[in-house]
Amino acid sequence: MAEQTDAPGAQQFIPPQAGTLAELRTAAAGCRGCELHRDATQTVFGRGDERARVVFVGEQPGDLEDQKGLPFVGPAGRLLRRAVDDAGLDPAHLYITNAVKHFRHEVRGRRRIHQTPDRVHIVACRPWLVAEFARLRPELVVVLGATAAKALLGPAFRVTRQRGELLPWPAAAEHPADFTRTPVDTAAAPAARLLATIHPSAVLRADNQDVAYRGLVDDLTVAARALAG
């Protein structure tokens, strides 16, 4: 698939009066901010607790997510849920989303093969991510893989170099002002942090899945300890 070089972006599809994640989710169904909507079944928006302590940001929906309209319901999602449990994170207080909301793929016979989003797709879809964060107040942001890291932290960030390291949020973002909110009660707002790790799909592709999975759990355990502390 040839690289897309231009897209109008999602900003024009985000209603300024949308005050809740549910309203954003409804509006996102009509997004035409890049060409990915043409071949996707539907927009796959984030899901979970609007008061979540932890926000997970992945890459894009896969084939099953595209069909069901929910993020992380395929094999990678099942592995992530197991890793969350093994790390001691409370699944009831999570919000899960993706940097890109449509499934980028190419068709080979009857199969739809995942294609990594280009930078233009990340940039075009980023307004949805910013809008989601404007309605969330996590204590911890967990970035899953390189695409999510590029969306939040910029193209120079390397997950392989800084995985498992606690960074300040939103100060670590490429454009911190996009994610800065002034809480009603500033004194009660916990200092937020960010942690990058591999995407669970990378575990499924690894030559040694046990070692890769253990690394993912170790990173998420750092997140769990940060919340406990």
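Each remark here, short or long, concerns the structure printed above.
What you see is a predicted model; the values in this text were computed from it and never measured.

So, how was this worked out
- Residues numbered from 1 in each chain as written.
- Predicted model: local features only at pLDDT ≥ 70, side-chain atom pairs only at ≥ 80, totals over all residues.
- Heavy atoms only, no water.
- Salt bridge = Lys/Arg side-chain N within 4 Å of Asp/Glu carboxyl O.
- Pairing = 2+ DSSP bridges.
- Helix = DSSP H or I, 4+ residues; strand = E, 2+ residues; numbered from the N terminus.
- Contact = heavy atoms within 4.5 Å.
- Axes fitted to C-alpha atoms, helices over the stretch in contact; angles between N-to-C directions.
- Buried < 20%, exposed > 50% of the residue type's maximum accessible area, 1.4 Å probe, protein only.
- Arc of directions from axis to C-beta.

## A look at the pattern of salt bridges
Then comes step 1: Under the criterion given, the structure shown has eleven salt bridges.
Then comes step 2: One network of salt bridges, in which partners are shared, links D63, D66 and R112.

## Things to note about the sheet that holds strand β7 (residues 166-168)
Then comes step 1: Overall, mixed pairing links the six strands, which are arranged β1-β3-β2-β6-β8-β7 in an open sheet. The two strands at the open ends of the sheet, each matched to only one other strand, are β1 (47-48) and β7.
Then comes step 2: Bridge count for β1 against strand β3 (residues 94-98) is two bridges, and the pairing is antiparallel. Directly across from G48, in β3, lies its bridge partner Y95.
Then comes step 3: Where helix α5 (residues 146-153) meets the sheet, its contacts fall on β2 (54-58), β6 (140-144) and β8 (193-197), and the angle it forms with β6 comes to roughly 130 degrees.
Then comes step 4: Helix α8 (residues 209-228) rests against β2, β6, β7 and β8 of the sheet, and its axis sits at about 170 degrees to β8.

## Side note on helix α1 (residues 21-28)
Then comes step 1: For α1, the set of buried residues is L21, L24, A27 and A28. Mapping the buried residues of α1 onto a view down its axis gives an arc of 120 degrees, with all of them on the same face.
Then comes step 2: The inward-facing, buried residues of α1 abut β3 and α4 (119-133).

## Concerning the pairing of β8
Then comes step 1: A large share of β8 lies buried, amounting to four of its five residues.
Then comes step 2: In this sheet, β8 lies alongside β6 in parallel orientation, the contact comprising five bridges. In the strand pairing of β8, L144 is matched with T197.
Then comes step 3: Sheet analysis places β7 next to β8, joined by three bridges and oriented antiparallel. The residue bridging L166 from the neighbouring strand is L195, located in β8.

## Let's talk about unusual backbone geometry
Then comes step 1: Omega for the bond connecting W169 with P170 falls within 30 degrees of zero, at 5 degrees, which places this linkage in the cis form.
Then comes step 2: Inspection of the secondary structure assignment puts P170 in the loop between β7 and β8.
Then comes step 3: Unusually for a residue other than glycine, F72 sits at a positive phi of about 55 degrees.
Then comes step 4: Within the secondary structure, F72 sits in the loop between α2 (63-68) and α3 (75-87).

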